[in-house]
Number of protein chains: 2
Amino acid sequence: MQVTPELLSRFTLLKPLPRQVLEGLAPHASLVRHARREVVVRAGVREDRVCFLFEGRLQGVGHTIDGREVGLYFVEPGDFCGELALFDDSPQPEFVIATAAATVVFLARNPLREVMLNSSSVSNIVGRKLAERVRQMTEQRTLLGLSNIDQRVCGQLYLLIKGEQRQVESGEIVNPPTHQEIAIMLNISRERVTRAFQALQSRRIVRRDGPGRLVIIDLNSLRRFARGEEEL
Amino acid sequence: MQVTPELLSRFTLLKPLPRQVLEGLAPHASLVRHARREVVVRAGVREDRVCFLFEGRLQGVGHTIDGREVGLYFVEPGDFCGELALFDDSPQPEFVIATAAATVVFLARNPLREVMLNSSSVSNIVGRKLAERVRQMTEQRTLLGLSNIDQRVCGQLYLLIKGEQRQVESGEIVNPPTHQEIAIMLNISRERVTRAFQALQSRRIVRRDGPGRLVIIDLNSLRRFARGEEEL
DNA sequence: AAATTGACGTGACCAGAGTCACAAGCAATT
DNA sequence: AATTGCTTGTGACTCTGGTCACGTCAATTT
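Below is a short write-up of the structure. Model, not experiment: these values are computed from the prediction.

Brief notes about the protein's contact with DNA strand D
Part 1: Around DNA strand D, a shell composed of 19 residues is seen, among which A:I188, A:S189, B:H179, B:R190 and B:Q198 lie nearest.
Part 2: Within the side chain of A:R192, an N or O atom sits 3.2 Å from a phosphate oxygen of DNA strand D.
Part 3: In this structure, B:R195 approaches DNA strand D through a side-chain N or O atom, which is 3.2 Å from a base oxygen.
Part 4: Counting residues per element, the ones that place at least two in the surface near DNA strand D are α7 (190–202) of chain A together with α7 (190–202) of chain B.
Part 5: In terms of residue count, α7(B) provides more of the surface near DNA strand D than any other element does, six residues in total.
Part 6: Split into classes, the residues belonging to the surface near DNA strand D amount to two nonpolar, eight polar and nine charged.

In structure tokens, the structure reads:
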């Protein structure tokens, strides 16, 4: 499906680009809808495009040698993935799957790379984004260091809450990942995630609101549990 | 201590740079020796320099909210760290400490950034390196997905063996990390690492050769254990 | 409407990792 | 030579999280 420059400018990475540049990129972009559980980016192949998430939620997953899934990161709307293709020609190290029905924009790699190299301000932006990705991975890895598993779950939930919402006392997560998907992010079993959620729900800290919406009732308590100041 | 352009060209990142550029960078570089356990890069401060490791071994470590250490990555001689400063102005997310007496070269951030922005070939190289760092972190994270802990230790040891050595049947790791340092990389206890090493040593797969040298006697077996084809 | 599928919930069991406590070995320093 | 400090080695006990085996429920397909 055709993509307009306006649509491209909805993404934080591309927003600062001049109109003219976006018009040049638009013909190399295509809009694709993915059903839940579909593979969006394949591991092991050299991708010739970068994936921008417009709506839904994506998850990067790796695999251990013995076949277990490993959760690497979540992608929120407005963000992107597969950006390593911009920097080298090695194959993508991980799969990216849709954890909720998703609308994504694929942007051909080479035109974007051109833009990036010709304009130092663009390569600045892309570089900053990649640096942010490293920080995000570091943060995620730090979660795994927590010995108390309920703490990990609370920490993960906290990471899933968008920055703007963190100031207030309650929030929500749209299209939350399943227990299984959280489990592979935190290196724990699906059942253990369920039990953690049970504890959180019985204390009225979180509440499910139908599928596709998780309400954080008491954000302060969630934060305290994530910090280990209090135990579930 | 003064740094010569020749010294700079010993690093894989800087090697491809034209002599002239290296001469421009050299005045902004300084050579520093760090004793074992010393902090090389501090977390939470905006670093104005990038750190290249000449000799020894470094380890990036984060901290959970409750103070536990989290091992993030190892840095081998010829490689570098603190490179996020090249891309943004946010503070360094992690500490970097010397796990063995180390000689490092600090290179001021801004001159290097200039070089990077002015030459697209240089920003290519830096970008590729950062992409490689992401791959490395992914690989490291995947290790944590292994449910069998001996497998994790073997996998970590395998990662510590330099690429060139992986082809042959035996290898060595100079300045190996302590059990404690491996433990925080793999999210396990120090004692558990010791027990894994006991098993490997009694099977004549690895052998300590004084401090600062770990000999891998049977690399093939190590690989098989890392893959879970056989259990300790 | 029935069947199927996928996500969530829950109990029982147990292997295995953490923890604690202490000993032994080794290096550098006094 | 003695001391100090760090690393490694080892046993015993505890307890948590994984696993298995179900059941429930809602949504979607046939």
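Points about the pairing of strand β3 (residues 49–63) of chain B
All names here are of chain B.
Part 1: Among the 15 residues of β3, eleven are classified as buried, and the element is accordingly described as predominantly covered.
Part 2: Looking at chain direction, β3 and strand β6 (residues 95–108) are connected through eleven bridges and run antiparallel. Residue pairing across strands places L58 opposite A98, the latter belonging to β6.
Part 3: Across two bridges, the pairing between β3 and strand β5 (residues 80–81) is antiparallel. By the bridge assignment, F52 is partnered in β5 with F80.
Part 4: With six bridges connecting them, β3 and strand β4 (residues 69–75) associate as antiparallel partners. The partner of G60 across the bridge, within β4, is Y73.
Part 5: In this antiparallel pair of consecutive strands, β3 and β4, the connection spans five residues, and G67 shows a positive phi of 95 degrees.

Overview of unusual backbone geometry
Residue and element names in this part refer to chain A.
Part 1: Of note in this structure, R37 is not a glycine but carries a positive phi near 80 degrees.
Part 2: Here R37 lies in the loop between β1 (29–34) and β2 (39–41).
Part 3: Located in the positive-phi region is N187, a residue other than glycine, with phi close to 60 degrees.
Part 4: Tracing the chain through its elements places N187 in the loop between α6 (179–186) and α7.
Part 5: On the basis of relative accessible area, N187 is assigned to the partly exposed category, the value being 22%.

Quick notes on the rules
Residues numbered from 1 in each chain as written. Chains lettered and ligands numbered in written order. Predicted model: local features only at pLDDT ≥ 70, side-chain atom pairs only at ≥ 80, totals over all residues. Heavy atoms only, no water. Near = heavy atom within 4 Å. Polar contact = N/O pair within 3.5 Å; in protein donor to acceptor, adjacent residues only side chain to side chain. Helix = DSSP H or I, 4+ residues; strand = E, 2+ residues; numbered from the N terminus. Nonpolar A, V, L, I, M, F, W, Y, C, P; charged D, E, K, R; others polar. Buried < 20%, exposed > 50% of the residue type's maximum accessible area, 1.4 Å probe, protein only. Pairing = 2+ DSSP bridges.

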